[in-house]
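# Secondary and tertiary structure notes
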Number of protein chains: 2
Amino acid sequence: MLEKIDHVGIAVRNLDEAIARYTALCGRGPDHLEEVASQKVKVAMFDVGESRVELLMATAPGSPIAKFIDKRGEGMHHICFKVPNLEEALARLGAAGMEIIPGAGGEGAGGTRVAFLHPKSLMGVMVELVEWD
Amino acid sequence: MLEKIDHVGIAVRNLDEAIARYTALCGRGPDHLEEVASQKVKVAMFDVGESRVELLMATAPGSPIAKFIDKRGEGMHHICFKVPNLEEALARLGAAGMEIIPGAGGEGAGGTRVAFLHPKSLMGVMVELVEWD
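Below is a summary of the structure that appears in this document. Note that the coordinates shown come from a computational prediction; the quantities given were computed from them, not determined experimentally.

### Side note on the nonpolar core
Counting residues in hydrophobic clusters, the biggest one holds 65 residues, and the most contacted among them are A:Leu55 and B:Leu55. Apart from the residues lying within four places of it in its own chain, the contact partners of B:Leu55 are B:Ile10, B:Val12, B:Leu15, B:Ala18, B:Ile19, B:Tyr22, B:Lys42, B:Val43, B:Ala44 and B:Phe46.

In structure tokens:
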């Protein structure tokens, strides 16, 4: 049902400093940089095997990443799994009692479709699901 | 330098409840169950693509996972990357100013070798490195 870990999202205060650290970790620079205005984040992606490490910096106070850092500090924010069919996955998970965060999903970058499961459904872990070809 | 995400470790209070939830998420049960006495944890592993989701429950108060949950609650605890050569990776990362947690690494399960980087080196993320064939 889950094809792979698409990415692990990490909330950071300063994207340039984080990029420097993760460049040292990965042994090379980021593969992709993007600003996602709808989510009020700047993003740096590092490819690792079939997955990615996604560094996320808030671009506005009160945005989801800013609120996360205010509450918990920097660190792992979510894990995203690729699924073959998002609607089927959500129907199955809803039937299993998982709480899907309303309004948090929809169109993602590059024509993907995403949804988020509430951390209380999965032992404190925010899970994103993504469907893309 | 990093071959893949080997696993994402999730600290949980009740392993049976967590297994039920992640079985629903994954659409099938865990691939591996283990008690690691040296780390005072019980572990359930779910294969996802080339990676795994690792649920970790403390078996004793004061153990690393118990302390993590006391401080931060349940949730993502660490991310583990597979490297081709652990000694080379640690030499390179030490030279780049990363703090390696003393005494936290060594022999892992199944003849693997592991080491841990301090979260303050990587924006609040505990990173494990593993070498295995």
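Here the narrative resumes, following the displayed structure.
### Some remarks on the interface of chain B and chain A
Where the parts come together, the accessible area they lose is often given as the size of the interface. With 43 residues of chain B in contact, the opposing surface of chain A contributes 43 residues. Around 3500 Å² of area is buried between chain B and chain A when both sides are counted, 68% of it from carbon and sulfur atoms. Three residues stand out in chain B for area buried against chain A, namely B:Leu25, B:Met76 and B:Met123, and they jointly supply 23% of the buried area on that side. Along the contact surface separating chain B from chain A lie zero salt bridges. When contributions to the side of chain B that touches chain A are tallied by element, the ones reaching two or more residues are strand S1 (4-12), helix H1 (15-26), strand S4 (51-58), strand S5 (75-82) and helix H3 (86-95) of chain B. Broken down by element, the residue count for the side of chain B that touches chain A peaks at seven residues, all from H1(B). Along the lines of polarity and charge, the residues of the side of chain B that touches chain A split into 25 nonpolar, nine polar and nine charged.

### Thoughts on the sheet that holds strand S6 (residues 106-107) of chain A
Residue and element names in this part refer to chain A. Spatial strand order, S2-S3-S4-S1-S5-S8-S7-S6: eight strands in an open sheet with mixed pairing. At either end of the open sheet lies a strand with only one pairing partner, and these are strand S2 (32-36) and S6. Two elements, S2 and strand S3 (residues 41-48), share five bridges in a ladder whose sense is antiparallel. The partner of Val-36 across the bridge, within S3, is Val-41. The sheet strands contacting helix H1 (residues 15-26) are strand S1 (4-12), S2, S3 and strand S4 (51-58), and the helix crosses S3 at an angle near 0°.

### Here we look at a positive patch on the surface
Taken together, the side chains of A:Lys71, A:Arg72, B:Lys71 and B:Arg72 make up a positively charged region of the molecular surface. Those elements that provide at least two residues to the positive patch are helix H2 (64-72) of chain A together with helix H2 (64-72) of chain B. With respect to the element layout, B:Lys71 can be found in helix H2.

### Let's talk about H1(A)
The first and last C-alpha atoms of H1(A) sit 16 Å apart over 12 residues, in line with the 16 Å expected at 1.5 Å per residue. Positive phi shows up at A:Gly27, right after H1(A), with a value of about 80°.

### A word on the sheet that holds strand S6 (residues 106-107) of chain B
Across a sheet, paired strands are connected by hydrogen bonds in the backbone, their directions being either parallel or antiparallel. Residue and element names in this part refer to chain B. Taken together, eight strands build an open sheet; the order of strands is S2-S3-S4-S1-S5-S8-S7-S6 and the sheet is mixed. With partners counted over all chains shown, the strands left at the sheet margins are strand S2 (32-36) and S6, one partner each. Its contacts with the sheet put H3 on strand S7 (113-117) and strand S8 (127-131), and the angle it makes with S7 is roughly 15°.

### What to know about the pairing of S1(A)
All names here are of chain A. Most of S1 sits out of view: nine of its nine residues are buried. Pairing geometry for S1 and strand S5 (residues 75-82), over seven bridges, is antiparallel. Following the sheet pairing, Ala-11 is matched in S5 by Gly-75. Sheet analysis places S1 next to S4, joined by six bridges and oriented parallel. Within the sheet, the bridge partner assigned to Ile-10 lies in S4 and is Leu-55.

### Comments concerning the state of the cysteines
Per the counting criterion, the structure on display carries zero disulfides over all chains. Note on A:Cys80: no disulfide assigned, nearest cysteine sulfur contributed by B:Cys26 at a separation of 14 Å.

### Some points on the relation of the copies chain B and chain A
Of the two same-sequence chains, chain B is brought onto chain A (RMSD 0.0 Å, axial shift 0.0 Å) by a rotation of 180°. The superposition operator between the copies reduces to a two-fold rotation axis. No C-alpha of chain B lies nearer the rotation axis than that of B:Met76, which sits 3.3 Å from it.

The rules we used
- Residues numbered from 1 in each chain as written.
- Chains lettered and ligands numbered in written order.
- Predicted model: local features only at pLDDT ≥ 70, side-chain atom pairs only at ≥ 80, totals over all residues.
- Heavy atoms only, no water.
- Core = buried A, V, L, I, M, F, W, Y, C linked by side-chain atoms within 4.5 Å.
- Buried < 20%, exposed > 50% of the residue type's maximum accessible area, 1.4 Å probe, protein only.
- Contact = heavy atoms within 4.5 Å.
- Buried area = accessible area lost by both parts, 1.4 Å probe.
- Salt bridge = Lys/Arg side-chain N within 4 Å of Asp/Glu carboxyl O.
- Helix = DSSP H or I, 4+ residues; strand = E, 2+ residues; numbered from the N terminus.
- Nonpolar A, V, L, I, M, F, W, Y, C, P; charged D, E, K, R; others polar.
- Pairing = 2+ DSSP bridges.
- Axes fitted to C-alpha atoms, helices over the stretch in contact; angles between N-to-C directions.
- Patch = residues over 30% accessible without salt bridge, like charges linked within 9 Å, V, L, I, M, F, W, Y side chains within 5 Å.
- Areas by Shrake-Rupley, 256 points an atom, 1.4 Å probe, with all protein chains shown as cover.
- Lys, Arg positive; Asp, Glu negative; His and termini not counted.
- Charge placed at Lys NZ, Arg CZ, Asp CG, Glu CD.
- Expected span 1.5 Å × (residues − 1).
- Disulfide = S-S within 2.5 Å.
- Least-squares fit on C-alpha atoms with pLDDT ≥ 70 in both.

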